[in-house]
Amino acid sequence: MSTLLRIRGITKAFPGTLALNDVSLEFNAGEVHALMGENGAGKSTLLNILTGSLRSDQGEILINDRLVSFRSSLEVRKGGISIVHQELGLFPELSVAENILVGQTPSRFGLLDRKRMLHIAQELLSQFQVEFGLNTLVRDLSVSQQQIVEIAKALALDAHTYIFDEPTSTLSGDDVERLFQVIRGLRKKQKAIIYVSHKFSEIFQISDRISILRDGQLVGTGLASEMDTEGIIKAMVGRTLDRIYPEKGKPGDEVLLEVSHLSAGTKCMDISFKLFRGEILGIFGLVGSGRTEIVRALTGVDRKQSGQIRLDDKEVNIRTVRDSIDLGMYYLTEDRKKQGLFLKLAIGDNVAVTHLGNIASLGMIRKQKVEEVSTGVLRDLRVKASSVSQQVGSLSGGNQQKVMVGKWLSKAPKIVILDEPTRGIDVGAKAEIHQLLRRLANEGIGVIMISSELPEIVGLSDRVMVVHKGHFTGELTGPDVNDETIMTLASGLDAHAERGVGIE
Amino acid sequence: MNEQISKASVGQAVEPAPRKKSAFARLTQVRELTIALVIILLMVILSLVSPTFLTADNLITTFLGIVMMGIISVGMTIALVSGGFDLSVGSVMSMSGVLAGMLALNGMNIWLAALIAMIASLLSGALTGWFIGKVKINPFIMTLGMQGVIQGVAYVITQGAPLSVTGMAPSFLFLGQGTLFGIPTLIWIMLVIVLIGDYLMRHAVAARKVYYIGSNENAAFLSGIAVSQVKTWIYIMTALLAGLAGVLTLSRFSVAAPTAGVGMELQAIAACIIGGASLTGGEGTVLGALLGSILVGTVNDALVLLNVSVYWQSLVTGLVLIGAVTFDVLTHWQKA
């Protein structure tokens, strides 16, 4: 078996975290090589380096034993590497065929050869069972249909190495099976395949070799036939849960928030739940399940169609974000950079935005007040920054997250709702955020945490609500809060048995 | 609890090495300082080349030439900081002047006429702002459309011909033609507006909201800022200042021309951008916009002093704009 793609000693540091530390791997012809690891383990960074979006600080990439250096995705394609990205990179205004053959559109005398384009695209799509035409605009497709187009697009490139980054997160069971057939076909053609996924069943079905990353280091690699789920989890987590998560709390029975029959679109249907004072309520769901839509409807970010909300035993009317903020219920978005922070502005400005009413006199901002509040945030949350006038964009991910949390905590919250509070931040900062959330709960604040990281949900939540297709499919407490039960409910496998049971 | 956290922070936090910045790079971060230096340099060169440059008369002429641009740039700065801009300011300036002039010609008290012109400008801005803020139409499209609409109003009022307005109250003419302590009133008016504007943009809560919106509109919205309301106010401000410029132009020349403000929007945007504002929002100061206006004005003045035909003005202004933005992009590269 020959090695097609080889990486040696790849190291990459970001401010505040070492994303990859001296990672060496070999990808062989005719082999499906699975990459596993928790979120933040370094998989994405590695893929980004392989596909030219990032440059490593140290280390080398060899294709067929020849040293290569990618500076753009164009060079990567020429180098014979094709990738199915986790985040769709399609052109919504263009047709399916045009999307599949982007970058290698067949032409005659400089003009588009539509006939050949449709022919090639048809051939690629025929491997899947699709119900849309080649001339359909991509924006009119569903997410899973778009995912298939994305896969076809990657297959259109005649490469020696194909990378699949979580290709199945939006696919149905049948489509997953067809994808596996395609992958097996590639394997037969002696291509190298890199397969990234969180789903153990898939990994064992499709892969020949498994490598595991943890905190930027390669912690294990071997033949899939010689590995088992338990061993992989142990390698991925690498530490026992009780060591990294704070002790669970003892929430009382005082209801802080009661939501009844909240509905908003198809991602949030008839949602009812209670939040107790001093509790951390975890909300878990797979990508696209509606976990974010539920809290967006609750906090008035999105318009809700129906539903009652009672806060402190009083019916409240939340129509806009401001209503929610005025009631002391704060929503911290999952998209820190795009929706949460003002990256160009200073730390002080970022904190001040929630305090505009209290830090001004006669409509003028008092610098001293801003300094006071934001210095307090830096101190309480241990943000590593030179001063409150440092630009937030120049902080590390963990410190940015602390600033975002801090700007709300300094405003006396009753309830904080955090969407993916530890996404993309390093282990140390993660633990600090977890400690902080537990402290808030102990102080009597209601905490709702949405997370796609199972260990975090299991480790931190006192109670867990599981979302599937816009419905709650279960409420779990105590020993029921475990990976397996949660995943079963999140996949909708046990929905009928559980729906309604936990809600009342 | 702090102890708990410190024990927990055992992650592999790697402190990034502090980047060393050259003195040059640090200096270029204060945009206003850079432009001020360029202006001074230009003035020194001009005074060596032309002995008439550094005379009080010539400097006053230069400043008088940028008064309208300077006033409109204050509003434009606010729009640019919010991440938008206003292409209708030139039209509003024309419309406001001819409306006041037409009313005065029909016997109305000029002060009342000017007030009505300002109210008309305000309504135009409120309409623009409402469409941009509430209906969420792109500022480029909306203000381009309003540019046509309001310019059309100015043409319809005048039937295309400039109005020569006589018999306006001396108190009104004092605004555009009088002097105070030897300096034209117009320059005083511009300076007062710039100073107030600069102070408010740095300290007022309302202005801070504009910076938040320009820096990250989503985050501003989720932080509880009434984004659409603030946007409406932004375009009311740009239109009010443009309307004021139109009234002042009438007072200065005793003529209300429907073309008085043509091209003003681009000059003002150029001045603001040269002064450090960014088309992507979140950045820019009123002081920078004034300095940008002065730079453009000085360059134009230099062309006159060097006996270059006025037809070169537009070409040179364009080059200065491109040069300033290139310089800005290059210094940002250095930072990255």
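Going by what an unreviewed UniProt entry lists, chain B is known as Branched-chain amino acid transport system / permease component and is assigned to Acididesulfobacillus acetoxydans. Here is the UniProt Subcellular location (unreviewed entry) comment for chain B, exactly as written: "Cell membrane".

For chain A, an unreviewed UniProt entry supplies the name ABC transporter and the organism Acididesulfobacillus acetoxydans. You can read under Subcellular location (unreviewed entry) in the UniProt record for chain A the words "Cell membrane".

Draft legend 1. Region of interest: the packing of aromatic side chains. Using the criterion set out here, one finds 9 aromatic pairs over all chains in the structure. Centre to centre, the rings of W111(B) and F172(B) are 5.5 Å apart; their planes meet at 90°, and the pair counts as edge-to-face. Of this pair, W111(B) sits in helix α6 (residues 110–133) while F172(B) sits in helix α8 (residues 170–177), placing them 61 residues apart in sequence. Judged by its relative accessible area of 40%, W111(B) is partly exposed. We classify F172(B) as buried; its relative accessible area is 0%. Between the aromatic rings of F181(B) and W188(B), the centroid separation amounts to 6.2 Å while the plane-to-plane angle is 85°, which identifies the pairing as edge-to-face. One aromatic cluster is present, formed by F164(A), F180(A) and Y195(A) through successive ring pairs. Taking NZ or CZ as reference, R208(B) lies 5.0 Å from the ring centre of Y211(B), over its face.

Draft legend 2. Region of interest: the sheet that holds strand β13 (residues 255–263) of chain A. Residues and elements named next belong to chain A. Pairing is antiparallel in the open sheet, where 4 strands are placed in the order β14-β13-β16-β17. A single partner strand is all that each edge strand has here, and the edge strands are β14 (271–276) and β17 (314–316). The average undirected angle you get between the axes of adjacent strands in this sheet is 20°. Sheet analysis places strand β16 (residues 306–311) next to β17, joined by 3 bridges and oriented antiparallel. Bridging across to β17, L311 finds its partner in K314. In this fold helix α10 (residues 291–298) packs onto β13, β14 and β16, with an angle of close to 110° to the strand it touches most, β13.

Draft legend 3. View of the packing of helix α9 (residues 185–203) of chain B against helix α12 (residues 227–253) of chain B. Residues and elements named next belong to chain B. At a minimum axis separation of 12 Å, α9 and α12 run at an interaxial angle of 170°. Taken together, the axes of α9 and α12 are roughly antiparallel relative to one another. The segment α9 lies against α12, with L186, I189 and I193 engaging L241, L244, L248 and R252. A per-class count over the contact of α9 with α12 returns 6 nonpolar, no polar and 1 charged.

Draft legend 4. Molecular detail of the UniProt feature "transmembrane region" (unreviewed entry) in chain B. Residues and elements named next belong to chain B. Sites flagged by UniProt as "transmembrane region" (unreviewed entry) map to residues 33–54, 60–80, 87–105, 111–132, 181–201, 233–253 and 311–330. Counting secondary structure, residues 87–105 comes out at 89% helix and 0% strand; the distance between its end C-alpha atoms is 29 Å. Helix makes up 100% of residues 233–253 and strand 0%, whereas the separation of the span's terminal C-alpha atoms amounts to 30 Å.

Draft legend 5. Just the confidence of the model for chain A, in detail. For chain A, per-residue confidence averages 85 on the pLDDT scale, and 94% of positions sit at 70 or higher. The low-confidence segment residues 495–504 of chain A (pLDDT under 50) makes 11 contacts with residues lying over four places distant or belonging to another chain.

Draft legend 6. Examining the sheet that holds strand β12 (residues 217–223) of chain A more closely. Residue and element names in this part refer to chain A. One open sheet accounts for 6 strands, arranged β6-β9-β10-β3-β11-β12; its pairing is mixed. On the outer flanks of this sheet lie β6 (81–84) and β12, each paired with one strand and no other. Between one strand axis and the next, the sheet turns by 15° as a mean value, whatever way the strands run. Of the strands in this sheet, β6 and β9 (161–165) touch helix α5 (residues 143–156), which is tilted by about 180° from β6. The strands touched by helix α6 (residues 173–188) within the sheet are β3 (31–36), β9 and β10 (192–196), with β10 carrying the most contacts at an inclination of about 150°.

Draft legend 7. Main features of a nonpolar patch on the surface. A contiguous nonpolar patch, built from I40(B), L41(B), V44(B), I45(B), L48(B), V49(B) and L306(B) and spanning about 690 Å² of accessible area, is present on the exposed surface. Along the chain, I45(B) turns up in helix α3 (residues 31–49).

Draft legend 8. A look at unusual backbone geometry. Residues and elements named next belong to chain A. One non-glycine residue, D22, lies in positive phi territory at about 55°. On the secondary structure map, D22 appears in strand β2 (residues 17–28). The phi dihedral of N64 falls on the positive side, at around 50°, and the residue is not glycine. The topology assignment puts N64 in the loop between β4 (58–63) and β5 (66–68).

Draft legend 9. Focus on the side chain of Q147(A). When you line up the elements, Q147(A) lands in helix α5. Not counting chain neighbours up to four residues away, the residues in contact with Q147(A) comprise V84(A), H85(A), L88(A), P167(A), T170(A) and L171(A).

Draft legend 10. Expanded view of the pattern of salt bridges. Residues and elements named next belong to chain A. Counting across every chain of the model gives 33 salt bridges over all chains. R209 is the salt-bridge partner of E31, the closest N and O atoms lying 3.0 Å from each other. Placement of the pair is E31 in strand β3 and R209 in strand β11 (residues 209–214), with a sequence separation of 178 residues. For E31, a relative accessible area of 3% gives the class buried. Overall, R209 belongs to the partly exposed group, its relative accessible area being 22%. Here D208 ties to R187 by a salt bridge, and the two come within 2.8 Å at their closest N and O atoms. Placement of the pair is D208 in the loop between α7 (200–206) and β11 and R187 in helix α6, with a sequence separation of 21 residues. What you see here is one network of salt bridges that share partners, running through E254, R277, D312 and K414.

Draft legend 11. How the structure looks around the pairing of β13(A). Residues and elements named next belong to chain A. Sheet topology note: the β13/β14 ladder contains 5 bridges and is antiparallel. Its bridge partner being in β14, E258 is matched across the sheet by K274. Sheet analysis places β13 next to β16, joined by 5 bridges and oriented antiparallel. When the sheet's bridge partners are listed, L257 is paired in β16 with L311.

Rules and cut-offs
- Throughout, a residue's number is its position along its own chain's written sequence, starting from 1.
- Chains carry letters from A onward and ligands carry numbers from 1 onward, assigned in written order.
- Owing to the predicted nature of the model, reporting of local features is limited to residues with pLDDT of at least 70; listing and counting of side-chain atom pairs is limited to 80 or more, with chain, interface and lining totals taken over all residues.
- The side-chain values count all of the structure's non-hydrogen atoms but skip hydrogen atoms and water molecules.
- UniProt positions are given in the numbering used here, feature names are shortened, and annotations may be inferred rather than shown by experiment.
- Pairing of aromatic rings covers Phe, Tyr and the six-membered ring of Trp, with a centre-to-centre limit of 6.5 Å; geometry is then stacked below 30 degrees between planes, edge-to-face above 60, and tilted otherwise.
- Only runs of H or I of at least four residues qualify as helices and only runs of E of at least two qualify as strands under DSSP, and these elements are numbered from the N terminus.
- Burial classification: accessible surface area is computed with a 1.4 Å probe over protein chains only, and a residue below 20% of its type maximum counts as buried, one above 50% as exposed, and the rest as partly exposed.
- For a lysine, the NZ atom is tested; for an arginine, the CZ atom; a charge sits over a ring if that atom is within 6 Å of the ring centre and within 35 degrees of the ring normal.
- In this analysis, strands are considered paired if DSSP registers two or more bridges between them.
- Axes here refer to lines fitted to C-alpha atoms; in helices the fit is confined to the stretch in contact. Angles between the N-to-C directions go from 0 to 180 degrees.
- The contact criterion used throughout is that any non-hydrogen atoms of two residues lie within 4.5 Å.
- If an angle is under 35 degrees, it is roughly parallel; if it is over 145, roughly antiparallel; if it lies from 65 to 115, roughly perpendicular; otherwise it is oblique.
- Here the term charged refers only to Asp, Glu, Lys and Arg, the term nonpolar to Ala, Val, Leu, Ile, Met, Phe, Trp, Tyr, Cys and Pro, and the term polar to all other amino acids, Gly among them.
- Values of pLDDT, the confidence the predictor places in each residue, fall between 0 and 100.
- Residues with no salt bridge and a relative accessible area higher than 30% make up the patches, which join like charges within 9 Å and nonpolar side chains (Val, Leu, Ile, Met, Phe, Trp, Tyr) within 5 Å.
- Using a 1.4 Å probe, accessible areas were evaluated by the Shrake-Rupley method; residue-level cover was limited to the displayed protein chains.
- One side-chain nitrogen of Lys or Arg within 4 Å of one carboxyl oxygen of Asp or Glu is enough to make a salt bridge.

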